[in-house]
Every structure is written in structure tokens, then in C-alpha cells.
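# Geometric and topological summary
For reference, the chains in residue letters:
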Amino acid sequence: MMRRIKTAVLISGNGSNLQAILDAAQAADYPACITLVISNKEEAYGLKRAENADVATVVIPHQHYENRESFDRMVDAALKNHGIELVVMAGFMRILSDWFVEQWAGKLINIHPSLLPKYKGLHTHQRALDAGDAEHGATVHWVTPELDSGEIIVQGSVAIEPGDTAETLQQRVHALEHQLYPAAVKKVATAMLARA
Ligand code: GRF
């Protein structure tokens, strides 16, 4: 059996990107194995998806922690306990401290619903519409201390159609994310295996 990169996915909600990665990881030649899902919300539907796929889950409710760094230290400890090599943020709605990001430098990736460097932060679909852009999309990038600013791993675009609303655009970008993210994890894990 080939070696696979032990991967954790961080979520806060529905976890449809998690599902896309879990599905892709079923392939015999997929270079990453999802062994842990961490959520900061116990009601996140993504936890059910993890359980259905027999993946270990950890819930770390952020409101139980005094500050960002004490929460991040719990996430860090859970990742280390599980021997995690790659951390994938998929709809994880917490900003991680510089301390955490530096701990996991080169092993931490995120997906953002815009054609970065355009529209860092929130409300990206509405902002693309308001700007009159012809296209919009999603970007998988390395996580660095500056929000949504790390080096790009893969990016994909969709055309903005007349009559699009933030909701219709979001739906098309979301479908694109489900293609992009498993491909990006594959690319990163393949490079990690080649280096090992
Ligand atoms: C995605 O749109 C992602 O780009 C954003 O949060 C959403 C997560 O959706 N950061 P899901 O939980 O994977 O369904």
C-alpha cells in the first residue's frame, strides 16, 4: 500500500468541501488520507459526514477559551496527537493566530471564494457583482499570518451571468470548489510525498 499524507480538515459548518475531499480520497491512488476532522461548532453537519466516513472527530468550542491562542493550542494539540501532516481549512470560520500559522507553515491550506488577490475577507460574491466583474471564482492557497494572502496553489473561475445574485453565484462557485479542493489536496500531498 502506498504511503498517504495524514490529513486533518477544519470545519465550522456544512462541510460540503470536506465531503468532496472524503469522496476523492476513496480512490486507491489518492495521496492523502483524511484521519481527523476538527470543528469549533458541535452542531456542524460536517461532523456527521466525518462519522459516516469513519473519520475521527474533535469538537473544540471556541467560546470556552479565554483567547485566540488558548483555543489554537487545543487545535494544535489535537493535530499533533493524531500525527497530522497536512491541515485543510474548509469553511472554518475562525482566524488562526500567528503562533498557530507559524507552527503549521507549509502544512496549512485554505479555500477562499474569490479570484485572489481580489476580495479577501467576507461577502466576496456580492463584491464581485457590485464591481461589475465578468468572472468570479475560488482559490486554494497556503495560509500565512496575513489573511487570504498566502501563495496560490490552484484557482478556478466561473463566468458571471446577467441576472446573477450573490446566491446564484455562490452556488456555482461552491460547485467549483468541490472540484478544486480535492485536486489541490492531491497536488500538495503528492509534493509532500515526493519530498519525504
Ligand atoms: C466555502 O464557500 C468556502 O469557500 C468558505 O466557506 C464555505 C464552506 O462551505 N470559506 P462548506 O462547509 O464546505 O459546504
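What you see is a predicted model; the values in this text were computed from it and never measured.

Within this structure, the stated rule accounts for three aromatic pairs. Between Phe71 and Phe92, the ring centres sit 6.5 Å apart and the planes meet at 15°, which makes this aromatic pair stacked. Residue Phe71 is found in helix 3 (residues 68–81), and its partner Phe92 is found in the loop between strand 4 (86–89) and helix 4 (98–103); the two are separated by 21 residues along the sequence. Aromatic rings pair up to connect Tyr65, Phe71 and Phe92 into one cluster. The residue whose ring lies beneath Arg73 is Trp99, and the NZ or CZ to ring-centre distance is 4.1 Å. Here the guanidinium or amino end of Arg94 rests over the ring plane of Phe71, the centre of that ring lying 5.8 Å away.

Moving on to helix 2 (residues 45–52). Three or more residues of helix 2 are buried, namely Gly46, Leu47, Arg49 and Ala50. The buried residues of helix 2 occupy an angular sector of 155° when the element is viewed end-on, so they sit on one face. The secondary structure elements touched by the buried residues of helix 2 are strand 1 (5–11), helix 1 (16–24), strand 2 (32–39) and strand 3 (56–59). One or two steps after helix 2, the chain reaches Asp54, where phi turns positive at roughly 60°.

Turning our eyes to something else, we now look at the packing of helix 1 against helix 6 (residues 166–195). To describe two helices that pack against each other, one gives the angle between their axes and the distance between the axes. Look at helix 1 against helix 6: their axes get within 9 Å of each other, and the N-to-C directions meet at 45°. Here helix 1 is positioned oblique relative to helix 6, judged by the angle of their axes. Regarding helix 1 and helix 6, the two cross each other, and that crossing is right-handed. Facing Ser16, Asn17, Ala20, Ile21 and Ala24 of helix 1, the residues of helix 6 in contact are His174, Glu177, His178, Tyr181, Pro182 and Val185. The residue makeup of the contact of helix 1 with helix 6, split by class, is six nonpolar, four polar and one charged.

So, about the site of the ligand. The ligand sits among Asn14, Gly15, Ser16, Asn17, Gly91, Ile111, Pro113, His174 and Glu177. In the environment of the ligand, an oxygen atom lies 2.5 Å from a nitrogen or oxygen atom belonging to the side chain of Ser16. The backbone of Asn17 places a nitrogen or oxygen atom 2.8 Å from an oxygen atom of the ligand. For the ligand, whose free accessible area comes to 370 Å², the fraction covered by protein is 84%. Under a 2 Å grid-point criterion requiring more than half of the atoms, the pocket assigned to the ligand is the largest pocket. Taken together, the elements giving at least two residues each to the shell around the ligand come down to helix 1 and helix 6. Class assignment of the residues belonging to the shell around the ligand gives a composition of two nonpolar, six polar and one charged.

What follows is about the pairing of strand 5 (residues 108–112). Counting buried positions along strand 5 gives five out of five residues, so the element sits mostly inside the fold. Burial of strand 5 is two-sided: the residues Leu108, Asn110 and His112 facing one way and the residues Ile109 and Ile111 facing the other way are all buried. In the classification by handedness, the crossover that spans strand 4, the intervening helix 4 and the parallel strand 5 is right-handed.

What counts as what
Residues numbered from 1 in each chain as written. Predicted model: local features only at pLDDT ≥ 70, side-chain atom pairs only at ≥ 80, totals over all residues. Heavy atoms only, no water. Phe/Tyr/Trp six-rings, centres within 6.5 Å; stacked < 30°, edge-to-face > 60°. Helix = DSSP H or I, 4+ residues; strand = E, 2+ residues; numbered from the N terminus. Lys NZ or Arg CZ within 6 Å of the ring centre and 35° of its normal. Buried < 20%, exposed > 50% of the residue type's maximum accessible area, 1.4 Å probe, protein only. Arc of directions from axis to C-beta. Contact = heavy atoms within 4.5 Å. Axes fitted to C-alpha atoms, helices over the stretch in contact; angles between N-to-C directions. Parallel < 35°, antiparallel > 145°, perpendicular 65-115°, else oblique. Left-handed = near helix turned anticlockwise from the far one by under 90°. Nonpolar A, V, L, I, M, F, W, Y, C, P; charged D, E, K, R; others polar. Near = heavy atom within 4 Å. Polar contact = N/O pair within 3.5 Å; in protein donor to acceptor, adjacent residues only side chain to side chain. Areas by Shrake-Rupley, 256 points an atom, 1.4 Å probe, with all protein chains shown as cover. 1 Å grid on protein atoms, 1.4 Å probe; cavity = no way out; pocket = protein on both sides within 12 Å on 5 of 7 lines; lining within 4 Å. Sits in = over half its atoms within 2 Å of the grid points. Right-handed = clockwise from strand over helix to strand, strands pointing away.

All we've got here are geometric facts, nothing functional implied.
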